[in-house]
Amino acid sequence: MKDVAAEFFELPLEEKNKYAMPSNDIQGYGHAHVVSEEQILDWSDVLILVVHPLHYRKLEFWPKSPKGFKETMEEYSNAIRKVGTELLQSFSVIMGTDKDALLGLQKQLVQGNCANYYPDL
């Protein structure tokens, strides 16, 4: 995942802007925001994608380049989702409840992926 994210951020700005985050959405390519006067300005590029559940995905923000990006993102996010599920199940058992108790409390688990790039200044 790290390699394909780095390859994406190395693309020309014109190519990255094809996936630009609209002002009314959190998904896509964009930049870190300053939200308060006390915040230290630290420039970073970001690519945020919702990966699960599938119906929340907005594939228009999923880069077509570098080659294999989508497949790598799916493999990575599925592995992370599996770890998260196993952690919730382990916590449930440790608390003395049914293995799926904590999972059952969730109406829907939403998973996003945020890749950051901090350019040399």
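Residues numbered from 1 in each chain as written. Predicted model: local features only at pLDDT ≥ 70, side-chain atom pairs only at ≥ 80, totals over all residues. Heavy atoms only, no water.

A. Layout of the pattern of salt bridges. Summed over the entire model, instances satisfying the criterion amount to five salt bridges. A salt bridge links Lys18 to Glu15, with the shortest nitrogen-to-oxygen separation between them at 2.9 Å. Taking the shortest distance from any N to any O, the salt bridge between Glu74 and Arg57 comes out at 2.9 Å. Of the two residues, Glu74 is situated in helix H3 (residues 69-94) and Arg57 in the loop between strand E2 (45-52) and H3; the sequence distance between them amounts to 17 residues. You can call Glu74 partly exposed: its relative accessible area is 23%. The exposure class assigned to Arg57 is buried, which follows from its relative accessible area of 14%. Beyond isolated ion pairs, a larger network of salt bridges with shared partners links Arg57, Lys70 and Glu74. (Salt bridge = Lys/Arg side-chain N within 4 Å of Asp/Glu carboxyl O. Helix = DSSP H or I, 4+ residues; strand = E, 2+ residues; numbered from the N terminus. Buried < 20%, exposed > 50% of the residue type's maximum accessible area, 1.4 Å probe, protein only.)

B. Looking closely at the packing of aromatic side chains. Counting across every chain of the model gives five aromatic pairs. Pairing Phe8 with Phe69 gives two aromatic rings, centres 6.5 Å apart and planes at 50 degrees, and the pair type is tilted. Of this pair, Phe8 sits in helix H1 (residues 2-9) while Phe69 sits in helix H3, placing them 61 residues apart in sequence. Centre to centre, the rings of Phe9 and Tyr117 are 5.4 Å apart; their planes meet at 15 degrees, and the pair counts as stacked. With Phe9 in helix H1 and Tyr117 in strand E3 (residues 111-117), this residue pair connects regions lying 108 residues apart in the sequence. Put simply, the rings of Phe8, Phe9, Tyr19, Tyr29, Phe69 and Tyr117 pair up and form one aromatic cluster. (Phe/Tyr/Trp six-rings, centres within 6.5 Å; stacked < 30°, edge-to-face > 60°.)

C. Molecular detail of the nonpolar core. Ranked by internal contacts, the top residues of the largest apolar core, which has 15 residues, are Phe8, Phe9, Tyr29, Leu47, Leu49, Phe69 and Met73. Contributing elements (two or more residues each) for this core: H1, E2 and H3. Of all the elements, H1 adds the most residues to this core, at four residues. Not counting residues up to four positions away in its chain, the partners in contact with Phe9 are Lys16, Tyr29, Asp45, Val46, Leu47, Ala115, Asn116 and Tyr117. (Core = buried A, V, L, I, M, F, W, Y, C linked by side-chain atoms within 4.5 Å. Contact = heavy atoms within 4.5 Å.)

D. Representation of the environment of Lys67. In this structure, Lys67 sits in the loop between E2 and H3. Judged by relative accessible area, Lys67 falls into the exposed class, the value being 81%. Considering only alpha carbons, one finds Lys67 and Glu7, 60 residues apart in sequence, at a separation of 9.4 Å.

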